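Okay, here's what each chain looks like letter by letter:
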2 protein chains.
Amino acid sequence: MLPLHRQVANNLITDMNISVILGHPYKDSFNAAIAAAAVETLKKHGHTVSFHDLYREQFNPVLPEKELVSDVPGDSLTALHQQEIRQADGIVIIHPNWWGQPPAIVKGWVDRVLREKVAYTFPKGDNGGGLPIGLLKAKAALVFNTSNTPGEREQSVFGDPLQRIWKDCIFAFCGVTAFERKMFRIIADSTPDDRRKWLEEVRETVAGYFPAEKKE
Amino acid sequence: MLPLHRQVANNLITDMNISVILGHPYKDSFNAAIAAAAVETLKKHGHTVSFHDLYREQFNPVLPEKELVSDVPGDSLTALHQQEIRQADGIVIIHPNWWGQPPAIVKGWVDRVLREKVAYTFPKGDNGGGLPIGLLKAKAALVFNTSNTPGEREQSVFGDPLQRIWKDCIFAFCGVTAFERKMFRIIADSTPDDRRKWLEEVRETVAGYFPAEKKE
């Protein structure tokens, strides 16, 4: 069987719309370097990139009462995010591991952007207690994370909730089942050489899922 | 062996400081009713309650760059939250299950309030890659959640990340190992009678962990 990225790549069109979402407080964080490597690789391969640095654009992660009632986005930035994610052929998310979860600004992007009728729906007549139907058309989703927790401790003590959160609770729920996540660690102990290798891994992963040309 | 709430209750002092944190957009949500039942029970038992409805107080969940650098809270509300959580003998958290995680406003409370030196620390000389030491003095933490996902589906499809997030990633990390979580479901299908029973369960659980008098 082909590796997942080849299965995805074989079914992709060229010139895709790819959404890249970054959430880290520091302008020059390693997370920002990962995002830059992903964006650069995607552009080099001829794709159209919608890049959002949620901190720099001051995205408001608090889902307001009126959005929960009406499903109408309460500001134009959220409306733009919803429009882009509907059109995305691929999605790339970058954030640090904070408490086994994304930072609040990224969690709020999920809460406000991946709304009913945008990212999923329910069968007619259902009151919200039934099985959802995913609406996202993206062919694959990639998540890049950074952590200061050793891998063995993450699995044994914390159970690595980020994996199920992104893979099952979010992307599979919205209909995106081709999923890969890479965790770079230990950031606090990393050398410039570690980081160069990690950025190369980002470029290779992104190019593997979203190559320049349809492969036969 | 005694049930967990009796083990905790047997070691508690009377007139405790209990922090109650609520995160839901609707003023009159069932989550708000859970919080009101918890606060009322705690006060009836003679405890001092610090109650925060994060939506109503407009808590800002976005950890700013300067807080990540300095560990100094960037606003007086966050400073108050940190002071209260240091002094809390017990903690009660109430929120809906959104994507297997808390709403962003609650995640941001964790990001900004449970900071290093407030909720945990590292051994001297460690650069953040080692084993943390929990600093919270709370004797127990309770989490009440609401959901529209059936229990079996939550376990089999999503893996119930909220359990590990609150129990292991957050409270055990900060030194609070006596933990209980209750999930009320299916909210969308619930009757007034279901809700009355659930609120009674909240009162009993809170009173079990934080009783009026030391039990011998």
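Cut-offs used in this document
- Residues numbered from 1 in each chain as written.
- Chains lettered and ligands numbered in written order.
- Predicted model: local features only at pLDDT ≥ 70, side-chain atom pairs only at ≥ 80, totals over all residues.
- Heavy atoms only, no water.
- pLDDT = per-residue confidence, 0-100.
- Salt bridge = Lys/Arg side-chain N within 4 Å of Asp/Glu carboxyl O.
- Helix = DSSP H or I, 4+ residues; strand = E, 2+ residues; numbered from the N terminus.
- Buried < 20%, exposed > 50% of the residue type's maximum accessible area, 1.4 Å probe, protein only.
- Contact = heavy atoms within 4.5 Å.
- Buried area = accessible area lost by both parts, 1.4 Å probe.
- Polar contact = N/O pair within 3.5 Å; in protein donor to acceptor, adjacent residues only side chain to side chain.
- Pairing = 2+ DSSP bridges.
- Axes fitted to C-alpha atoms, helices over the stretch in contact; angles between N-to-C directions.
- Least-squares fit on C-alpha atoms with pLDDT ≥ 70 in both.

Regarding the confidence of the model for chain A
Inference 1: Across chain A, the average pLDDT comes to 94, with 95% of residues at 70 or higher.
Inference 2: Interface predicted TM-score (ipTM) for the complex: 0.94; the corresponding pTM is 0.95.

Considering the pattern of salt bridges
All names here are of chain A.
Inference 1: Overall, the coordinates contain 30 salt bridges over all chains when judged by the stated rule.
Inference 2: As a salt-bridge pair, R112 and E67 come within 2.5 Å of each other at their nearest N and O atoms. Placement of the pair is R112 in helix α5 (residues 104–113) and E67 in helix α3 (residues 65–70), with a sequence separation of 45 residues.
Inference 3: A relative accessible area of 1% means that E67 is categorised as buried.
Inference 4: Its salt-bridge partner being D193, residue R196 comes within 3.5 Å of it at the nearest N-O pair. Remark: D193 and R196 occur in helix α8 (residues 192–209); sequence separation between them is 3 residues, near one turn of the helix.
Inference 5: You can call R196 exposed: its relative accessible area is 54%.
Inference 6: Given a relative accessible area of 35%, D193 falls into the partly exposed group.
Inference 7: Residues joined in a network through salt bridges with shared partners are E40, E200 and R203.

Description of the interface of chain B and chain A
Inference 1: If you look at the interface, chain B gives 50 residues, while chain A gives 50 residues.
Inference 2: Area buried by chain B at its contact with chain A is led by W99, Q101 and K107 of chain B, which between them contribute 19% of it.
Inference 3: Where chain B touches chain A, the interface holds 12 residue pairs in polar contact (both at pLDDT 80 or more).
Inference 4: Sorting the residues of the side of chain B that touches chain A by element identifies α3 (65–70), α5 (104–113), α6 (151–158) and α7 (161–172) of chain B as the ones contributing at least two each.

Focus: the environment of T41 of chain B
Residues and elements named next belong to chain B.
Inference 1: You can see T41 is positioned in helix α2 (residues 30–44).
Inference 2: Note: C-alpha distance between T41 and T121 (80 residues apart in sequence) is 33 Å.
Inference 3: Once residues within four sequence positions are removed from consideration, T41 is found in contact with R203, V206 and A207.

Things to note about the sheet that holds strand β7 (residues 179–184) of chain A
Residue and element names in this part refer to chain A.
Inference 1: Spatially, β2-β1-β3-β6-β7 is the arrangement adopted by the 5 strands of the open sheet, whose pairing is parallel. Only two strands of the sheet have a single neighbouring strand rather than two, namely β2 (48–53) and β7. Looking at each pair of strands side by side, their axes are set apart by 10 degrees on average, direction ignored.
Inference 2: Two elements, strand β1 (residues 17–22) and strand β3 (residues 90–96), share 5 bridges in a ladder whose sense is parallel. When the sheet's bridge partners are listed, I18 is paired in β3 with G90.
Inference 3: Of the strands in this sheet, β1, β2 and β3 touch helix α4 (residues 76–87), which is tilted by about 145 degrees from β2.

Observations regarding the relation of the copies chain B and chain A
Inference 1: Of the transformation superimposing chain B on chain A, the axial component is 0.0 Å and the angular component is 180 degrees, with the fit at an RMSD of 0.0 Å. The transformation just described matches what one would write down for a two-fold rotation axis. No C-alpha of chain B approaches the rotation axis more nearly than that of A104 of chain B, which lies at 2.4 Å.
Inference 2: Comparing contact sets, 100% of the residues at the interface of chain B also lie at the interface in chain A, consistent with an isologous, same-surface contact.

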